[in-house]
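# A structural walkthrough
Residue-level listing of the chains:
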Amino acid sequence: RAARIFKQFFGDKGYEMDLMLEKKVAMISGGSKGIGFHIARSLAAEGCHVAISGRTQFDLDKAKEKIAVLDCGRVIYFQGDMNCTKDCEGFLATVVEEFGGVDILVNNVGGSDPKSLLETTDEDWVTAFEFNLYNAVRLSRLAIPEMKKRGGGAILNISSIAGRESGSAMTYNASKAAMISFSKALSQQVAKDNIRVNSLCPGSVLFPGGVWERRIAASPDGLKSWVESAMPLGRFGRPEEISVVATFMVSPRASLVHGSCWNVDGSQSRSNI
């Protein structure tokens, strides 16, 4: 359970917290690796039945195997591209058929393309918004009616500190900022239906196969000087540190956390808000 993960980071201080997630149904887009996988595993450890989507069969098989060994909630996967409307529909239909509905949606799919404005085509802009906003819009629109049938639910959109301040690829900044804005607006629309909507903004997180692993490999000093100047804690974040917060945010224990945008970045960002 998440309490085990809390203890991993904070030690055994003699407390437990039931996050009230037993037998809840959670679907996580982009859940086969990285942050999405760790969120799925954390939710499963809390007793959730989880469904993950991904584009690669090999990654999905590995993720399902690693989550299934927890022997808590059940886990299924859907192979497809969440930038495709039919695949979004197929993902939701698979979850409803298998589990009877959905309580939690984590929109985790995203990507970045570091180009200047003069290098960026109209198609590049559309692609960025497809990756970082439109699939979350589609999946939310599909999941909300199912959540209403169950008396409520929780939607968590994984944005980025780049959505709160400048400093990354401009298409990434703009589309992740749009996701935060979308989350806030949606939270106001569905509050009456007992559906909570929030966004979570990770900082730079290192995990196998991720963008930061590739950038470290390509850097002459392994990004050592950049980490020293940009990271107050002197290190990258770990996906487990994101998943613990995400698990709490979608749990009934966070009942007043609604319309919020939380940074989880070790003070990497510079904004006061």
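Before reading on, note that the structure itself is shown above.
Residues numbered from 1 in each chain as written. Predicted model: local features only at pLDDT ≥ 70, side-chain atom pairs only at ≥ 80, totals over all residues. Heavy atoms only, no water.

## Examining the overall build of the protein
Rule in force here: Working definition: helices are DSSP H or I runs of at least four residues, strands are E runs of at least two. Numbering for both runs from the N terminus. In this description the radius of gyration comes from C-alpha coordinates, and the expected globular size is given by 2.2 Å times residues to the power 0.38. Only protein chains enter the area calculation, which uses a 1.4 Å probe; residues under 20% of their type maximum are buried, those over 50% are exposed, and those in between are partly exposed. Contact between two residues is taken to exist if any of their heavy atoms lie within 4.5 Å; hydrogens are not considered. Here the Shrake-Rupley method, with its probe set to 1.4 Å, supplies the accessible areas, and only the displayed protein chains count as covering residues.
Within the protein one finds nine helices and seven strands. For the protein, the C-alpha radius of gyration of 18 Å lies close to 19 Å, the compact-globule estimate for 273 residues. Projected onto its principal axes, the C-alpha positions of the protein cover 50 × 50 × 40 Å. Buried positions account for 50% of the 273 residues belonging to the protein. In the protein, once contacts between residues fewer than 6 apart in sequence are set aside, the share between residues at least 24 apart is 73%. With the model as given, the accessible surface of the protein reaches about 13,100 Å², and the carbon-plus-sulfur share is 54%.

## A look at a nonpolar patch on the surface
To keep it simple, the criterion reads: Patch membership requires more than 30% relative accessible area and the absence of a salt bridge. Residues of like charge join within 9 Å; the nonpolar side chains Val, Leu, Ile, Met, Phe, Trp and Tyr join within 5 Å. When a carboxyl oxygen of Asp or Glu lies within 4 Å of a side-chain nitrogen of Lys or Arg, that pair is called a salt bridge.
A contiguous nonpolar surface patch, about 350 Å² in accessible area, is contributed by L117, L118 and M170. Relative to the helices and strands, L118 resides in the loop between β4 (104-107) and α5 (122-149). In this structure L118 comes out as exposed when scored by relative accessible area, which is 86%.

## Focus: the pattern of salt bridges
Under the definition given, this model contains 11 salt bridges. K115 is the salt-bridge partner of D124, the closest N and O atoms lying 3.1 Å from each other. On the basis of relative accessibility, which here comes to 17%, the residue D124 falls in the buried class. With its nearest N and O atoms 3.9 Å apart, the salt bridge here joins K148 to D193. Of the two residues, K148 sits in helix α5 while D193 sits in the loop between α6 (170-190) and β6 (195-202), which places them 45 residues apart along the sequence. Three or more residues are tied together by salt bridges with common partners; here these are K148, K192 and D193.

## Section: the pairing of β4
As a reminder of what qualifies: Any two strands are treated as partners once DSSP identifies two or more bridges connecting them.
A two-sided burial pattern is seen for β4, the buried positions comprising I104 and V106 on one face and L105 and N107 on the other. Relative to β4, strand β1 (residues 25-28) runs parallel, the two sharing three bridges. The residue of β4 that forms the bridge with I28 is V106. Two strands pair when backbone bridges link them, and β4 and strand β5 (residues 153-158) are joined in this way by four bridges, in the parallel orientation. The residue bridging I104 from the neighbouring strand is A154, located in β5.

## Some details on the sheet that holds strand β2 (residues 49-54)
Worth spelling out the cut-off: All axes here are fitted lines through C-alpha atoms, helices being fitted over the stretch that makes contact, and every angle between N-to-C directions spans 0 to 180 degrees.
In spatial order, the strands read β3-β2-β1-β4-β5-β6-β7; together these seven strands make up an open sheet with parallel pairing. Of all the strands in the sheet, the pair left with one neighbour each is β3 (75-79) and β7 (261-264). Pairs of neighbouring strands in the sheet enclose a mean axial angle of 20 degrees, with direction left out of account. Summarising the sheet, β2 and β3 pair through five bridges and their orientation is parallel. In the sheet register, G54 faces β3, and the bridge partner there is Q79. The strands touched by α5 within the sheet are β1, β4, β5 and β6, with β4 carrying the most contacts at an inclination of about 175 degrees.

## A short note on the packing of aromatic side chains
Here is the rule we go by: Two aromatic rings, drawn from Phe, Tyr or Trp (for Trp, its six-membered ring), form a pair once their centres lie within 6.5 Å of each other, and the interplanar angle then sorts them: stacked below 30 degrees, edge-to-face above 60, tilted otherwise. Placement of a positive charge over a ring is assigned whenever Lys NZ or Arg CZ falls within 6 Å of the ring centre and within 35 degrees of the normal to the ring plane.
Throughout the structure, instances matching the rule amount to six aromatic pairs. Consider the rings of W212 and W226, whose centres lie 5.0 Å apart with planes at 15 degrees: the pair is stacked. With W212 in helix α7 (residues 211-218) and W226 in helix α8 (residues 224-230), the pair connects residues that are 14 residues apart, well separated along the chain. W212 sits in the buried class, given a relative accessible area of 15%. On the basis of relative accessible area, W226 is assigned to the partly exposed category, the value being 29%. Put simply, the rings of W212, W226 and F236 touch in pairs and so form one group of aromatic residues. K66 extends its terminal NZ or CZ atom over the ring of F37, reaching a point 5.9 Å from the ring centre.

## With respect to the packing of helix α2 (residues 34-45) against helix α3 (residues 57-68)
When two helices pack together, their arrangement is given by the angle between their axes and by how far apart the axes lie. Definition in use: In these notes the angle categories are as follows: under 35 degrees is roughly parallel, over 145 is roughly antiparallel, 65 to 115 is roughly perpendicular, and the rest is oblique. Two helices crossing with the near one rotated counterclockwise from the far one by less than a right angle form a left-handed crossing, whereas a clockwise rotation gives a right-handed crossing. In the scheme used here, Gly and all other residues not listed as nonpolar or charged are polar, with Ala, Val, Leu, Ile, Met, Phe, Trp, Tyr, Cys and Pro taken as nonpolar and Asp, Glu, Lys and Arg as charged.
The interhelical angle for the contact between α2 and α3, taken along N-to-C directions, is 30 degrees, at an axis separation of 9 Å. When the axis of α2 is compared with that of α3, the two are roughly parallel. In this structure, α2 meets α3 at a crossing whose hand is right-handed. Between α2 and α3, the residues in contact are F37, A40, R41 and A44 and A63, K66 and I67, respectively. Across the contact of α2 with α3, the residue classes tally to five nonpolar, no polar and two charged.

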